[in-house]
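# A structural walkthrough
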Amino acid sequence: MKIYNLFIIILLCIACESADNYSVKHYGALRNIMHEGDISAKVEIDTLETSNVYALGALAELKGELTIIKGQTYVSKVVDSMAVLGSTENVKAALFVFSQIQSWDTLSVKGGDDLELLISSSLKEHGITAPSPFMVIGKPTSLDYHIVNLDPESKDPANHKKGAFVDTIKNRQLTLLGFYADDAQGVYTHHDSKIHVHFVEESSSLTGHVDDVILGSNEFKLLIPAL
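What comes next concerns the included structure. (Residues numbered from 1 in each chain as written. Predicted model: local features only at pLDDT ≥ 70, side-chain atom pairs only at ≥ 80, totals over all residues. Heavy atoms only, no water.)

The next subject is the overall build of the protein chain. Helix and strand counts for the protein chain stand at three helices and 15 strands. For the protein chain, the C-alpha atoms occupy an extent of roughly 75 × 40 × 30 Å along the three principal directions. In the protein chain, which comprises 227 residues, the share counted as buried stands at 46%. Put simply, 74% of the contacts in the protein chain that link residues at least 6 apart link residues at least 24 apart. Looking at charge distribution, the protein chain has the averaged site of its 18 positive side-chain charges lying 1 Å from that of its 29 negative ones. (Helix = DSSP H or I, 4+ residues; strand = E, 2+ residues; numbered from the N terminus. Buried < 20%, exposed > 50% of the residue type's maximum accessible area, 1.4 Å probe, protein only. Contact = heavy atoms within 4.5 Å. Lys, Arg positive; Asp, Glu negative; His and termini not counted. Charge placed at Lys NZ, Arg CZ, Asp CG, Glu CD.)

In structure tokens:
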């Protein structure tokens, strides 16, 4: 009986390890940015070990967007009302959400117009209930995005889109990196959403914060953490 009980404990421990092979961490919080005006740097990216890191965030002082895919950093800023690529050295972030992923499970999924529903149902179907990163790769029908650029006149983070670069991308190959969580509203997802998503266009290295996306009827690759 004791041997049997020990065997069960070992199996449970193995299961716990396999279900806990990644975690979602963050520096800074949206509520502090929006309600307290705290846009100061919370982390210097150069000080982090970025091997196999997947991350997104807003630059310090809300002067651009940051995305990291498998350790490769992408930065976009706004200069003279135009989107430009920023330096990937000495990058500091006011909000930074990240996870270190060793391997992904790749699913083939149909698009649609509700990304949050697609992600939540796919994660739950595969037994993932904890906060999780995800990637969607393909050609969305339409994607609305912005690159934050705090208006120097108002200096109001709650009105952060006033000085932002805003645009729409249609039918172009993109990689969407996001984080899903049921309980992170006001922390790293907005109060009305359970996902926070950026995109990267590898052909141009452009990145930005996804405001809305219609995937359309095409098939996409959906990557979720392998358990």
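Here the structure, examined in full by the defined rule, presents three salt bridges. Among the ionic pairs, Asp-38 bridges to Lys-42, the shortest N-O distance being 2.8 Å. Residue class for Lys-42 comes out partly exposed when judged on its relative accessible area of 31%. With a shortest N-O distance of 3.5 Å, Asp-182 and Lys-194 are connected by a salt bridge. Residue Asp-182 is found in the loop between strand S12 (174–180) and strand S13 (195–201), and its partner Lys-194 is found in the loop between S12 and S13; the two are separated by twelve residues along the sequence. For Asp-182, a relative accessible area of 36% puts it in the partly exposed group. (Salt bridge = Lys/Arg side-chain N within 4 Å of Asp/Glu carboxyl O.)

In terms of burial, S13 is largely enclosed, as seven of its seven residues are buried. Burial along S13 is two-sided: Ile-195, Val-197, Phe-199 and Glu-201 and His-196, His-198 and Val-200, pointing in opposite directions, are all buried. As paired elements, S12 and S13 share six bridges and run antiparallel to each other. Bridging across to S13, Gly-178 finds its partner in Val-197. The sheet contact formed by S13 and strand S14 (residues 206–214) spans four bridges and is antiparallel. Looking at S14, one finds that Glu-201 is bridged to Leu-206. In this antiparallel pair of consecutive strands, S13 and S14, the connection spans four residues, and Ser-205 shows a positive phi of 70 degrees. (Pairing = 2+ DSSP bridges.)

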